[in-house]
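Okay, here's what each chain looks like letter by letter:
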Amino acid sequence: MPHLFDPLTIRETTFKNRAWVSPMCMYSSVNGLIGEFHHAHLGAFTTGGAGLVFVEATGVVSEGRISIGCPGLWTNEQAEAFAPIIKLAHENGVKMGIQLAHAGRKGGTTSPGLSDHLMATPEEGGFQIVGPSQLAFEGYAVPRELTTAEIKQLVKDWADAASRAVKVGFDVVEIHAAHGYLLHQFYSSLSNHRTDEYGGSFENRTRFLQEVVVAVRHAIPEGMPLFVRISASDWTDGGWTIEDSIQLVPILKQLGADLIDTSSGGNVHNAKIAVGPGYQVHFAEAIKGHTGVTTSAVGMITDPAQADEIISSGKADAIMMAREFLRNPRWPLMAADVLGVEVEWPRQLSRGKPAK
Ligand SMILES: Cc1cc2nc3c(=O)[nH]c(=O)nc-3n(C[C@H](O)[C@H](O)[C@H](O)COP(=O)(O)O)c2cc1C
């Protein structure tokens, strides 16, 4: 079995190790455009030894942003703003991924920490939110139900955003279909009460996600990995289950998805989630075990030995970490030392390498 610092090849892309930076919203973009903060924030990860660094949830359309401070990829200018960060990552042998998202009924908020109210007003740049059905997420505005024509247009928007990501040099595209955002809202019957071909049966509820996977796969090169982040469970009676995920994943794989980034929850505010160290690893393990599809595990993974054990025991193929990377952006350099693995440090940082 491989270890945390062994390379992983998916299609024609080789990641130098399996310690990856999970997407994290930073609520610091203006009109969907990233700026100086992102250069410092993502720059620290690109010199920190991770095999892959993900950019946060990035709206495929303006109304798809989680908050008015979230980045977008609906213009070429937005895409080109990532070029210097991607260049720095590549100089350090690090791959860059972007998570393409639509927030649906959980969109249109103010930036956390900058406002005393949740939904952004039109004067602040807020917008009408949309969803599969007119069902609000607790505390959010009531979404407008998307028409069939609008769904079909969004599939194209996802593909266009993916094309921009390819053009600017991203190595991986991830479709965000987790955490109660639009695609998850469709596949979970808790949020989808439609009666057309996008609601009702399992096949209908997963149709939108399947169409996005097909469209994005066609928009990116054959050799480029395509990831899908799913919520493996709604942790709620009557909601999406791990059994549903095990049914869905081989379909996504057959349509061109390469890795299932296995998260959970986010679609209802009162889900009973059993949170603790590595609390979602068993979902990644179940998906990998039942389907044979490559997975990454995420959620309260913080310790080098813990991360290495998840890989070496075959529970998942890669680790995604979020909050630990906020505390220590160069976690992999330290983790390699703890695990006794020799890794190359960026030339500029080499004097910080622990003495043997
Ligand atoms: C500040 C912050 C922002 C996040 N933004 C995103 C996001 O944009 N997309 C996403 O899929 N998950 C997002 N997440 C969830 C993380 O990617 C990760 O799945 C979660 O925090 C659990 O991992 P951790 O215990 O290592 O933090 C965010 C988490 C944090 C802490």
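Quantities reported herein were computed from a predicted structural model and do not represent experimental measurements.

Draft legend 1. Expanded view of the layout of surface pockets. Taken as a whole, the largest pocket encloses approximately 650 Å³ of empty space. Listing elements by their share of the lining of the largest pocket, those giving two or more residues are strand S12 (318-321) and helix H11 (323-327). For the lining of the largest pocket, the leading source of residues is H11, giving three residues. When grouped by side-chain class, the residues that make up the lining of the largest pocket number 15 nonpolar, nine polar and four charged. Along the lines of polarity and charge, the residues of the lining of the second largest pocket split into five nonpolar, six polar and four charged.

Draft legend 2. Spatial organisation of the pairing of strand S4 (residues 52-59). With eight of eight residues buried, S4 lies mostly within the body of the structure. As paired elements, strand S3 (residues 19-21) and S4 share two bridges and run parallel to each other. Within S4, the residue paired with valine 21 across the bridge is valine 53. With seven bridges connecting them, S4 and strand S5 (residues 95-101) associate as parallel partners. Considered in S5, the bridge of valine 55 is made with isoleucine 98.

Draft legend 3. Representation of the side chain of glutamate 324 in the model. Within the secondary structure, glutamate 324 is located in helix H11. Within the structure, the side chain of glutamate 324 is placed 3.0 Å from the side chain of arginine 327, a separation counted as a polar contact. The contacts of glutamate 324, once residues within four sequence positions are left out, are Ile301, Thr302 and Trp331.

Draft legend 4. Up close: the pairing of S12. Of the two faces of S12, the one lined by Ala318 and Met320 and the one lined by Ile319 and Met321 are each fully buried. Bridging between strand S11 (residues 294-298) and S12 involves three bridges; their strand directions are parallel. Residue pairing across strands places valine 298 opposite methionine 320, the latter belonging to S12. The parallel pair S11 and S12, bridged by helix H10 (residues 304-312), forms a crossover whose chirality is right-handed.

Draft legend 5. Local environment of the pattern of salt bridges. One pass over the full model with this rule turns up 13 salt bridges. The salt bridge partner of glutamate 91 is lysine 87, with a shortest N-O separation of 3.1 Å. Of this pair, glutamate 91 and lysine 87 both sit in helix H3 (residues 83-91), four residues apart, which is roughly one turn of the helix. The class for glutamate 91 is exposed, based on a relative accessible area of 54%.

Draft legend 6. The packing of aromatic side chains, seen in detail. Under the definition given, this model contains 15 aromatic pairs. For the ring pair phenylalanine 15 and tryptophan 20, a centre distance of 4.9 Å and an interplane angle of 50° mean the geometry is tilted. When its relative accessible area of 0% is taken as the criterion, tryptophan 20 is described as buried. Ring centres 6.3 Å apart and planes at 65° place the aromatic pair phenylalanine 325 and tryptophan 331 in the edge-to-face group. Per residue, the accessibility class of phenylalanine 325 equals that of tryptophan 331, and both read buried. Put simply, the rings of Phe15, Trp20, Phe54 and Phe227 touch in pairs and so form one group of aromatic residues.

Draft legend 7. Representation of the sheet that holds S11 within the structure. Reading around the circumference, S3-S4-S5-S8-S9-S10-S11-S12 is the order of the eight strands in this closed barrel, with parallel pairing throughout. Ignoring strand direction, the axes of neighbouring strands in this sheet form an average angle of 25°.

Draft legend 8. Region of the structure containing unusual backbone geometry. For asparagine 31, which is not a glycine, the phi torsion comes out positive at approximately 50°. In this structure asparagine 31 comes out as exposed when scored by relative accessible area, which is 63%. Of note in the backbone geometry, histidine 179 takes a positive phi value of approximately 55° without being a glycine. In this structure, histidine 179 sits in the loop between strand S8 (172-177) and helix H5 (182-187).

Draft legend 9. Highlighting helix H12 (residues 331-339). Taken as a whole, H12 has its buried residues at Trp331, Pro332, Leu333, Ala335 and Ala336. Packing partners of the buried residues in H12 comprise S3, H10, S12 and H11. Just downstream of H12 lies glycine 340, where phi reads positive at about 75°.

Draft legend 10. The nonpolar core, seen in detail. Grouped together as the largest cluster of nonpolar side chains are 89 residues, with contacts concentrated most on Ile175, Phe208, Leu209 and Val228. Here this core gets nine residues from one element, more than from any other, and that element is helix H4 (residues 148-168). Contact partners of leucine 209, with chain neighbours within four places excluded, come to Ile175, Ala177, Leu183, Tyr187, Val228, Leu248 and Leu252. Counting residues in hydrophobic clusters, the runner-up holds twelve residues, among them Leu8, Leu52, Phe227 and Leu259.

Calculation criteria
- Every chain's residues receive numbers from 1 upward, in the order its sequence appears when written.
- This being a predicted model, a pLDDT of at least 70 is required before a residue's local features are given, and a value of 80 or more before pairs of side-chain atoms are given or counted; all residues contribute to the totals for chains, interfaces and linings.
- The basis for every side-chain value is the complete set of heavy atoms in the structure, and neither hydrogens nor water enter the calculation.
- Here the term cavity refers to a set of points on a 1 Å grid, laid over the protein atoms alone, in which a 1.4 Å probe fits but cannot get out; the term pocket refers to an open set having protein on both sides within 12 Å along at least five of seven lines, with lining residues being those that place an atom within 4 Å of a point.
- Grid points are joined across faces, edges and corners, and a volume is the space filled by probe spheres set on the points.
- Think of it this way: any DSSP run of H or I at least four residues long counts as a helix, any run of E at least two long counts as a strand, and we number them from the N terminus.
- Throughout this entry, Asp, Glu, Lys and Arg are counted as charged residues, while Ala, Val, Leu, Ile, Met, Phe, Trp, Tyr, Cys and Pro are counted as nonpolar. The remaining residues, Gly among them, count as polar.
- For every residue, the accessible area obtained with a 1.4 Å probe (protein chains only) is divided by the maximum for its type, and the residue is called buried under 20%, exposed over 50%, and partly exposed between those limits.
- Should DSSP find at least two bridges between two strands, the strands are taken to pair.
- Counted as a polar contact is a pair of N or O atoms within 3.5 Å, where, for protein atoms, one must be capable of donating a hydrogen and the other of accepting one, and residues adjacent in sequence contribute only when both atoms are in side chains.
- Every residue pair with non-hydrogen atoms within 4.5 Å of one another is taken to be in contact.
- The path from the first strand over the helix to the second decides the hand: if it runs clockwise while the strands point away from the viewer, the crossover is right-handed.
- Any carboxyl oxygen of Asp or Glu that lies within 4 Å of a side-chain nitrogen of Lys or Arg is treated as forming a salt bridge with it.
- Only the six-membered ring of Trp is used, alongside the rings of Phe and Tyr, when aromatic pairs are assigned; centres must lie within 6.5 Å, and planes under 30 degrees apart are stacked while those over 60 apart are edge-to-face, with the rest tilted.
- Helix axes are fitted to C-alpha atoms over the stretch in contact, other axes to C-alpha atoms as well, and angles between N-to-C directions run from 0 to 180 degrees.
- Side-chain atoms within 4.5 Å link the members of a nonpolar core, which is a set of buried Ala, Val, Leu, Ile, Met, Phe, Trp, Tyr and Cys residues.

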